[in-house]
Amino acid sequence: MILFKEFIVALVSVLILATSSFLWKLAAHRRRFQDLPKPPHSFLFGHLALFFSIARQLPGKIPVAITIHRIQAQFNLPDLWYLDLWPLADPFLITGDLAIANQFLNDYPRHPMVLKQALQHLVGGTRGLVSPDLSEWHSSRTMIRTAFSITNVQRFVPTMARYSMQLREALLKRATIGNPFPMIEPLEKWGADLTFHFLLGEDTAVQRGGWGAEANTQVQALVAQADHPFSVNPWTLRQRKKARNLCQDSVRQMISKALKDALQRDQPAGHDQFVSLIDSLATKYREEYPGRTEWDGDTLVQHVDTLATMFLAADVSSMYIFCHIAQDPAVAAELRKEHNTVFPGNMQATLETVCQTPSKIKELPYTTAVIKESMRLRPPGLSGTTAPNGHTVNYKGTEHSLDGLFLITNLFRLQYNDDYVSSPLAFDPSRWLPHPSAELADSWRPFQRGQHSCMGENMMMPGLVTALLLTVRDIDIALAYDDGDICLSPELGGMAYMEGNFAAKPAKGLPVMVTKVAH
């Protein structure tokens, strides 16, 4: 009995000590934000209650960037402000200011939470492009840079064109059926065909139902994991982890096999031919270790994690381009005018010209402007970084410490900021022609800049140009949302509002009707 009483006293003492420590940390933490720019702040909850209250007013899968943008607009906050979500996360320091965005994105590494909770969680590893070790991360980027060079990508354009013709065929088939369908379905397959071929160097035939179709199903299942609703149910979490592990094992085994096969086959012939990423990595390894036909274990793991990261990029966030074209017939008409002028003749003649002279797609400035304007209005969302202790940022004459903060560049706010773009809510491709203003060009960050720049920009931009060239001329697209569907403000996309945090897409997969254009 005495021992039991002593145990109870000890337990109560521990609880009192833990509670006192927590309250002391809470008081010290909340006082830190007393005089800083922020929305209404609760001493007990910080901004947790406010954040979840605003989030509940929006559809469930809407990106966090939209919730943050809504808070900033509702409380008329400046372009550097604080969001206190402690103890669930490090406090956010959020910016939509170009100069501060440059500092956050160019000078600092990704926040550990971005790696652990998002990228590593989906990839199933911690090496290569998702490594917390900056030296390894930079080394992995250096190793893949050759494959993403403008010259190598230009050699890949004929392959892009052939896949875009398959997309065209799929859309024309839909036109004959005459029923609405989610545009995401053919576009995801098209994007996977491009990405898988670029990475692996072979046609996996996603659009044709080949083995790449199953691989794409696994990749999409991994991406979907990022947007599962929050749960503390152990059974639910166990089932999600089991499903995620199965998908990761399948994708990673496929990548590992492809890497091993690449090292054992002959090197790609011809200095003027396209070289896939996997062949580029094998070539570098042979140069470093002549005569080897097997990867060492450490390098293999690093490359598998890097390639798994890039497989997730097969997810097509850029499908909003077709949404904007569907909403503006004048844009579609101008695209057709440009395509007919630069590539006269029928579609087969256009395909042959693109294959013979890939650089000719650079002669489509209006098409490129449409793509850029669409990405300006619907950017990927947030980019989170962290700074070393002792660093500060100056905003309008005031120094702000960056210690212990989750530095957030809200691309949605940055690319809508009327300090850098006039009439920011309007879809206006002409703002990019003949040349954009310096502010507009510098604030356009869908592919990031500096050390966090996405090398996939070199592949995705010509890929999208090719897809528009080979589809829009013969196909009309109209949105097919139901009258009862949720409709947000035009700024947020109306019925085609953004869904998803890892890769935002239009709600319901962008339901559309397509018809064949009568010439």
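Here the structure is a predicted model, which means the values were calculated and not measured.

Caption draft 1: The arrangement of the environment of proline 158 in detail. Relative to the helices and strands, proline 158 is located in helix α7 (residues 150-177). What makes proline 158 buried here is its relative accessible area of 12%. Sequence-wise, proline 158 and serine 231 are 73 residues apart; in three dimensions their C-alpha atoms are separated by 46 Å. Aside from chain neighbours lying at most four places away, what touches proline 158 is Val354, Cys355 and Pro358.

Caption draft 2: Main features of the sheet that holds strand β8 (residues 475-479). The antiparallel open sheet is built from 3 strands, whose spatial order is β3-β11-β8. Two strands close off the open sheet at either side, each with one partner strand: β3 (181-182) and β8. Direction of pairing for β8 relative to strand β11 (residues 511-516): antiparallel, over a ladder of 5 bridges. Bridge pairing in β11 links isoleucine 477 to valine 514.

Caption draft 3: Summary view of the sheet that holds strand β4 (residues 382-385). Reading across from one edge, β1-β2-β7-β4 is the order of the 4 strands in this open sheet, with mixed pairing throughout. Since the sheet does not close on itself, it has two edges, and those belong to β1 (80-83) and β4, each with one partner. For this sheet the average axis-to-axis angle between neighbouring strands, irrespective of direction, equals 25 degrees. Relative to strand β7 (residues 406-410), β4 runs antiparallel, the two being bridged by 4 bridges. Residue pairing across strands places leucine 382 opposite asparagine 410, the latter belonging to β7.

Caption draft 4: Local environment of the environment of methionine 460. With respect to the helices, strands and loops of the structure, methionine 460 is situated in helix α19 (residues 457-469). Residue classification places methionine 460 among the buried residues on the basis of a relative accessible area of 16%. Separated by 307 residues in sequence, methionine 460 and valine 153 place their C-alpha atoms 9.5 Å apart.

Caption draft 5: A look at the pattern of salt bridges. This model, assessed by the stated rule, comprises 16 salt bridges. We note a salt bridge from glutamate 136 to arginine 127, for which the minimum N-O separation is 2.8 Å. Relative accessible area serves as the criterion here: at 14%, glutamate 136 is assigned to the buried category. A residue is classified by how much of its surface remains accessible, and arginine 127, at 19% relative accessible area, is buried. It is possible to trace a salt-bridge network through shared partners that takes in Arg127, Glu136 and Asp298.

Caption draft 6: Region of interest: helix α11 (residues 277-288). Between its terminal C-alpha atoms α11 stretches 17 Å, which fits the 16 Å expected from 12 residues at 1.5 Å a residue. The buried fraction of α11 amounts to 9 of the 12 residues, a majority that puts the element mostly inside the structure.

Caption draft 7: Local environment of the packing of helix α8 (residues 184-200) against helix α12 (residues 297-311). Remark: α8 packs on α12, axes separated minimally by 10 Å, with the N-to-C direction vectors making an angle of 160 degrees. In this view, α8 runs roughly antiparallel relative to α12, as classed from their interaxial angle. Crossing handedness for the pair α8 and α12: right-handed. Residues Thr195, Phe196, Leu199 and Leu200 of α8 form the contact with α12, whose participating residues are Leu307, Met310 and Phe311. Of the residues that constitute the contact of α8 with α12, the class distribution is 6 nonpolar, 1 polar and no charged.

Caption draft 8: View of unusual backbone geometry. In this structure, proline 87 follows tryptophan 86 across a cis peptide bond, with omega equal to 10 degrees. Here proline 87 lies in the loop between β1 and β2 (92-95). That bond from leucine 433 to proline 434 is cis: its omega, -10 degrees, falls within 30 degrees of zero. Positive phi, normally seen in glycine, also occurs at lysine 396, with a value near 50 degrees. With respect to the helices and strands, lysine 396 occurs in the loop between β5 (392-395) and β6 (398-401). Its relative accessible area of 72% is what places lysine 396 among the exposed residues. We note that lysine 508 has phi near 60 degrees; this positive angle belongs to a residue other than glycine. With respect to the secondary-structure elements, lysine 508 resides in the loop between β10 (505-506) and β11.

Caption draft 9: Representation of the nonpolar core in the model. The biggest cluster of nonpolar side chains holds 116 residues, and the ones touching the most others in it are Met183, Trp190, Phe198, Ile255, Leu259, Leu277 and Ile325. Here this core takes 10 residues from α7, the largest share from any one element. Residues contacting leucine 259, with those up to four places away along its chain left out, are Ile278, Leu281, Trp295, Leu300, His303, Val304 and Leu307. With 15 residues, the next largest nonpolar core counts Ile68, Leu83, Ala89 and Ile408 among its residues.

Caption draft 10: The arrangement of helix α3 (residues 64-74) in detail. Buried within α3 we find Ala65, Ile66, Thr67, Ile68, His69, Ile71 and Gln72. Taken from the residues just after α3, asparagine 76 is the one with a positive phi, measuring 50 degrees.

Caption draft 11: Highlighting the pairing of β2. Of the two faces of β2, the one carrying Phe92 and Ile94 and the one carrying Leu93 and Thr95 are both buried. Sheet topology places β1 next to β2; 4 bridges connect them, and they run antiparallel. Bridge assignment links leucine 83 to a residue of β2, and that residue is phenylalanine 92. Sheet topology note: the β2/β7 ladder contains 4 bridges and is parallel. Considered in β7, the bridge of leucine 93 is made with leucine 407.

Caption draft 12: Geometry of the packing of aromatic side chains. Applying the stated criterion to the full structure yields 12 aromatic pairs. Taken together, the aromatic side chains of Phe148, Phe156, Phe198 and Phe274 make up a single cluster linked through ring pairs. Between arginine 174 and the ring centre of phenylalanine 181, over which it is positioned, the NZ or CZ distance is 4.4 Å. Above the ring of tyrosine 289, the side-chain terminus of arginine 292 is found at 4.2 Å from the ring centroid.

Caption draft 13: Geometry of the packing of α11 against α12. The geometry of α11 relative to α12 is characterised by a closest axis approach of 12 Å and an angle of 160 degrees between their N-to-C directions. It follows from the interaxial angle that α11 and α12 lie roughly antiparallel. Read as a crossing pair, α11 and α12 show a hand that is right-handed. Residue-level inspection shows Leu277, Ile278, Leu281 and Tyr285 of α11 in contact with α12, the latter providing Thr299, His303, Leu307 and Met310. Its residues placed into classes, the contact of α11 with α12 shows 6 nonpolar, 2 polar and no charged.

Criteria and thresholds
- Residues numbered from 1 in each chain as written.
- Predicted model: local features only at pLDDT ≥ 70, side-chain atom pairs only at ≥ 80, totals over all residues.
- Heavy atoms only, no water.
- Helix = DSSP H or I, 4+ residues; strand = E, 2+ residues; numbered from the N terminus.
- Buried < 20%, exposed > 50% of the residue type's maximum accessible area, 1.4 Å probe, protein only.
- Contact = heavy atoms within 4.5 Å.
- Pairing = 2+ DSSP bridges.
- Axes fitted to C-alpha atoms, helices over the stretch in contact; angles between N-to-C directions.
- Salt bridge = Lys/Arg side-chain N within 4 Å of Asp/Glu carboxyl O.
- Expected span 1.5 Å × (residues − 1).
- Parallel < 35°, antiparallel > 145°, perpendicular 65-115°, else oblique.
- Left-handed = near helix turned anticlockwise from the far one by under 90°.
- Nonpolar A, V, L, I, M, F, W, Y, C, P; charged D, E, K, R; others polar.
- Core = buried A, V, L, I, M, F, W, Y, C linked by side-chain atoms within 4.5 Å.
- Phe/Tyr/Trp six-rings, centres within 6.5 Å; stacked < 30°, edge-to-face > 60°.
- Lys NZ or Arg CZ within 6 Å of the ring centre and 35° of its normal.

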